[in-house]
Structures are given as C-alpha cells and as structure tokens.
Amino acid sequence: MHPEDIHPNDVERVREKFISQVYQEGSGFTDDLTCLTKNGEEVPTEISGAALDRGEDGTNPTRMIAMLRDISDRVKHRRELEEKVDRLNQFANIISHDLRNPLATVSGHAEMARETGDEEHFDAIEEAVAQMDEMLSDLLDLARQGDLLGERTTVELEPLVRRVWMECDLDAATLEVPSSTRFVADRSRIEEVFSNLFENTRTHCGDAVTVRVGSLDDGRGFYFEDDGGGIPADQQETVFEWGQTTSRDGTGFGLAIVAEIVDAHGWQIDVCEAESGGARFEISGIEP
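Everything numeric here is computed off the predicted structure, so don't read it as measured data.

A. Focus on the overall build of the chain. From N to C terminus, the chain includes 8 helices and 10 strands. Considering the chain as a whole, with its 288 residues, one finds that 38% of them fall into the buried category. Taking all contacts inside the chain whose residues are at least 6 apart in sequence as the whole, residues at least 24 apart take part in 60%. For the chain, the accessible surface area stands at approximately 16900 Å², while carbon and sulfur atoms represent 45% of it.

Here you go:
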C-alpha cells in the first residue's frame, strides 16, 4: 500500500520530518503518527526507521526500512493521567470555593461571640467546622478515587433544598418549593449544587430575592429560578465556564462546579429566562 493510504492526514508532515531525518542521519523516530486500519479506524502509532543503502560517505540513501507500533494503550493512559490532573485541579478549586461559606459563618459568629458571649454562636461555629471537615474528607476521598461522585441514594428534592437553604443563612430571601420529585444521586454533591446556586443568586441578586425550586413538567428533572435581573442572552452559554463571572464578588467557580456535578451524574443543565425575568436553571435527563 502507498503511505498516503495508510496515514492520509499525516503523510506530508511525516515525509517532511521523519523521512528527512532518516535521509540525513541514517535513522529516525516519531510517536506522533496516525494510521488508518482496514475498516477506517484511526490508530495512534509510533514509527522508527533506518536507511538501508547509504553510500560510503553515509549519504544519499534510496531505500529504508520502517517499523510501526500501535501505541493506543500508551495514548489512552496518557490521556487518563491528563484528565486526572485536570480533575485534581478542579477539586482544588471546588474545595477552596465551597469552604468560603462555612469560613464566613465561623468568622461572623466568632465576632458576635466576642461581643455578646452568647453560647449559640459557639454552636454555629462548631457546626460550620464540622461541615468543613466533612466536605474536605469527602472531596479528598473522591480526589484519590479520581471520581467526582460517591455513593448514590434516593433523594427527595424539597427536604434537601430546604436543608441547604437553612445552612446558607438566607433569612432575608424567600424560598418557594411548589413541587418536588425523587431521583437517585450523590446526596452530598447535590447539596453542593444547591449551595452554589443559592450563593450565586445572593451574589448577583442580593439578599432580598425570591427563589423557586420545583420539578420539571415531564418529571425528569428540576428547575431553580430567581426573580432577579436575569442573565443576558449573550452570556448564557458561558456562565458555566471556569472563572467566568460578572460580579466583583464572584469567583467564577460556583456555576462551573454545578455544571461539573450535573455532568458527572449524566444529566444536562441549561440556563434561560424565568417568567419573572430572572435566571432559570433547568437540570434535565434525570431518571425518576
């Protein structure tokens, strides 16, 4: 077969680099070559070659022999390592981001405890510290496993949402849960989803905001919406990107974390405009 039939997309580059190296130096090597199998599948390969009939002065060969080796397993392993590094970086971002709320709780109640001496502030501090300890333990375990999700159980939407709402200390805001649903998920990660959504709403809408959470009409998901100013249409496709934020107080990690957890569950998240004009997030594709 002609080389153009075996690696049509790489032949010019290989001819320029690899064959030139063999011609000039007597041997050559590259592990950046894609070959086409009989059924049209692309396979990553490495190729090593040597000139066969170089002249007495070691120049002007007219023939060469080359050996191709399938390196699919090596490339797969390298990609897995790269993905693991990316995942660990994201875990670091998640930990640093999600610790902000309990740390703020500790700081606020510590200040109040100094002023009043009221023991209820110490109880709140202990709860926040326990929350941080549990969060760090869970996330570090998951990081070592290389997986964003832990054990999945049946989750009831409304009680979970109200529990997270209480932990986020949004007394000035209003929560409405007109409908509920049940689904299988990693409970702690779904709590993080709502914690980040609540925090995102507070950052962009202030404390005096109304939040509505309920099940989608088809029963295969749920929505989260507020009555704030909404997200401009030209920014709706980028709000889930890491580091993307329109607020001076935002880190750009909250919604990216939400999207990462949703994707890890095999679901889909979309953003649109609520009837009130605020932001609406729809998480769909959930098996009831």
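B. Layout of helix α7 (residues 187–205). Between its first and last C-alpha atoms α7 spans 27 Å; for 19 residues at 1.5 Å apiece the expected length is 27 Å, and the two agree. Immediately beyond the C-terminal end of α7, within one or two residues, lies G206, with a positive phi of roughly 85 degrees.

C. Just the sheet that holds strand β2 (residues 42–51), in detail. Pairing is antiparallel across the open sheet formed by 3 strands, whose spatial order is β1-β2-β3. If you trace the sheet from one side to the other, it starts and ends with β1 (27–36) and β3 (64–70), each paired once. Within the sheet, the average angular offset between the axes of one strand and its neighbour, ignoring direction, is 25 degrees. Sitting on the sheet, helix α2 (residues 11–25) is in contact with β1, β2 and β3, with an inclination near 155 degrees to β1.

D. Spotlight on the nonpolar core. The biggest cluster of nonpolar side chains holds 39 residues, and the ones touching the most others in it are F183, F194, F198 and F281. Among the elements of the structure, α6 (157–167), β6 (182–185), α7, β7 (210–215), β8 (221–226), α8 (254–264), β9 (268–273) and β10 (279–284) are those that each provide at least two residues to this core. In this view, F194 contacts L157, L160, V161, V164, V213, F222 and F224; residues no more than four positions away in its chain are not counted.

E. Geometry of the packing of aromatic side chains. Tallied over the entire structure, the rule returns 8 aromatic pairs. Seen in terms of ring centroids, F198 and F224 are 5.4 Å apart; in terms of plane orientation they differ by 55 degrees. Their pairing is tilted. Of this pair, F198 sits in helix α7 while F224 sits in strand β8, and the two are 26 residues apart along the sequence. Residue classification places F198 among the buried residues on the basis of a relative accessible area of 1%. Looking at F224, the relative accessible area reads 1%, which means it is buried. An aromatic cluster is defined as three or more aromatic residues linked by ring pairs; in this entry it consists of W165, F183, F194, F198, F222, F224 and W267.

F. Examining the side chain of S215 more closely. With respect to the helices and strands, the residue S215 is situated in strand β7. The exposure class of S215 is buried, given its relative accessible area of 16%. Other than its neighbours up to four places away in sequence, S215 contacts L157, S179, S180, T181, G221, F222 and Y223.

G. Inspection of a negative patch on the surface at higher detail. A cluster of like negative charges, contributed by D118, E119, E120, D123, E126 and E127, occupies part of the molecular surface. With respect to the helices and strands, E127 occurs in helix α5 (residues 119–145). Classification of E127 by relative accessible area gives exposed; the value is 59%.

H. Just the pairing of β2, in detail. Here 8 bridges tie β1 to β2, and the two strands are oriented antiparallel to one another. For L36, the partnering residue across the bridge sits in β2 and is E42. Here β2 pairs with β3 via 7 bridges, running antiparallel. Along β3, the bridge assignment pairs I47 with L68.

I. Up close: the pairing of β8. The buried count for β8 comes to 6 of 6 residues, which makes it a mostly enclosed element. In β8, alternate side chains face the same way, and those of G221, Y223 and E225 on one face and F222, F224 and D226 on the other are all buried. The sheet contact formed by β7 and β8 spans 5 bridges and is antiparallel. Across the sheet, residue G214 finds its bridge partner in β8, namely Y223.

What counts as what
Within any chain, residue numbers begin from 1 and follow the written order of that chain's sequence. Given that the model is predicted, a residue must reach a pLDDT of at least 70 before its local features are reported, and side-chain atom pairs must reach 80 or more before they are shown or counted; all residues, however, enter totals for whole chains, interfaces and linings. Each side-chain value is derived from all of the structure's non-hydrogen atoms; neither hydrogens nor water enter the calculation. Note on conventions: DSSP H or I runs of at least 4 residues are helices, E runs of at least 2 residues are strands, and numbering of each starts at the N terminus. Throughout this description, buried means an accessible area under 20% of the type-specific maximum (1.4 Å probe, protein chains only), exposed means over 50%, and partly exposed covers the range between. Throughout, a contact is declared for two residues whenever any of their heavy atoms are within 4.5 Å. All accessibility values rest on the Shrake-Rupley procedure with a 1.4 Å probe; residue burial counts only the protein chains present in the view. Here the expected length of a helix is defined as 1.5 Å per residue gap, with one fewer gap than residues. Between any two strands, at least two bridges found by DSSP are needed for them to pair. Note on geometry: axes are lines fitted to C-alpha atoms, helical ones only across the stretch in contact, with angles between N-to-C directions running from 0 to 180 degrees. In these notes, a set of buried Ala, Val, Leu, Ile, Met, Phe, Trp, Tyr and Cys residues joined through side-chain atoms within 4.5 Å is what counts as a nonpolar core. Put simply, two rings from Phe, Tyr or Trp (the six-membered ring, in Trp's case) pair if the centres are within 6.5 Å, and we call them stacked under 30 degrees between planes, edge-to-face over 60, tilted for the rest. Patch membership requires over 30% relative accessible area and the absence of a salt bridge. Like charges are linked within 9 Å, and nonpolar side chains (Val, Leu, Ile, Met, Phe, Trp, Tyr) within 5 Å. Salt bridges are defined by distance alone: a side-chain nitrogen of Lys or Arg within 4 Å of a carboxyl oxygen of Asp or Glu. Charge convention: Lys and Arg are scored as positive, Asp and Glu as negative, and His as well as the terminal groups of each chain are ignored. Taken as the charge location is NZ of Lys, CZ of Arg, CG of Asp or CD of Glu.

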